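As a plain string of letters, each chain reads:
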Amino acid sequence: ARRQSSLLERDLTIGVPLPHGHGFMLGTPLVGLFGPGAERAFGHAGFMHILTWADPARGLAAALLTSGKPSIGIHLRRAWGVLSAIARRCPPL
């Protein structure tokens, strides 16, 4: 499920290029769906800003659940702040 099957094809729901496995969206080495430096992370985004993922390099599993905001807005900056804080405070093992 985590073996990469696409190389940064545009996700038709989110609208941005993401690597995908046969079952999960995959992390990237720099900046990706699961925050910075989460290249071993995998998970999936749901409808209206629900994001679940695991990052074996950090020994971390997380879910970011919101009340369902519009797809584009200033709330995305706050969500990125949460993902970045997790990456800073949970360094790879």
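The structure under discussion appears in the preceding block.
The rules we used
- Within each chain, residues carry numbers counting from 1 in the order of the written sequence.
- Predicted model: local features are reported for residues with pLDDT of at least 70 only, side-chain atom pairs are reported and counted for 80 or more only, and whole-chain, interface and lining totals are derived from all residues.
- Hydrogens and water are ignored here; the side-chain numbers use all heavy atoms of the structure.
- Secondary structure is summarised from DSSP: a helix means a run of H or I of at least four residues, a strand means a run of E of at least two, and numbering begins at the N terminus for each.
- We take the radius of gyration over the C-alpha atoms and set the globule estimate at 2.2 Å times the residue count to the 0.38 power.
- Only protein chains enter the accessibility calculation, which uses a 1.4 Å probe; a residue is then buried when its area is under 20% of its type maximum, exposed when over 50%, and partly exposed in between.
- For the accessible areas, the method is Shrake-Rupley and the probe is 1.4 Å, while residue cover comes only from the protein chains on display.
- In summary, the charge assignment counts Lys and Arg as positive and Asp and Glu as negative, without counting His or the chain termini.
- Every charge is mapped onto a representative atom, which is NZ of Lys, CZ of Arg, CG of Asp or CD of Glu.
- Here, strands pair whenever DSSP counts at least two bridges between them.

Draft legend 1. Just the overall build of the chain, in detail. Helix and strand counts for the chain stand at one helix and eight strands. Element order for the chain, N to C, with α for helix and β for strand: β-β-β-β-β-β-β-β-α. Against the globule reference of 12 Å for 93 residues, the chain gives a C-alpha radius of gyration of 13 Å, in line with a compact fold. When its C-alpha atoms are laid out on the principal axes, the chain stretches across 30 × 30 × 20 Å. The 93 residues of the chain split such that 33% are buried. By element, 62% of the accessible surface of the chain is carried by carbon and sulfur atoms, the whole surface being about 6100 Å². Put simply, the chain has 10 plus and 4 minus side-chain charges, and the middle of one group is 11 Å from the middle of the other.

Draft legend 2. Focus on the environment of Gly32. Mapped onto the secondary structure, Gly32 falls in strand 4 (residues 31-32). Along the chain, Gly32 and Arg10 lie 22 residues apart, while their C-alpha atoms are 13 Å from each other.

Draft legend 3. Spatial organisation of the pairing of strand 7 (residues 50-55). Bridge count between strand 6 (residues 42-46) and strand 7: five bridges; the pairing is antiparallel. Residue pairing in the sheet places Gly46 in a bridge with Ile50 of strand 7. Note: strand 7 against strand 8 (residues 60-64), five bridges, orientation antiparallel. Bridge pairing in strand 8 links Leu51 to Leu64.

Just distances and angles here, no functional claims.
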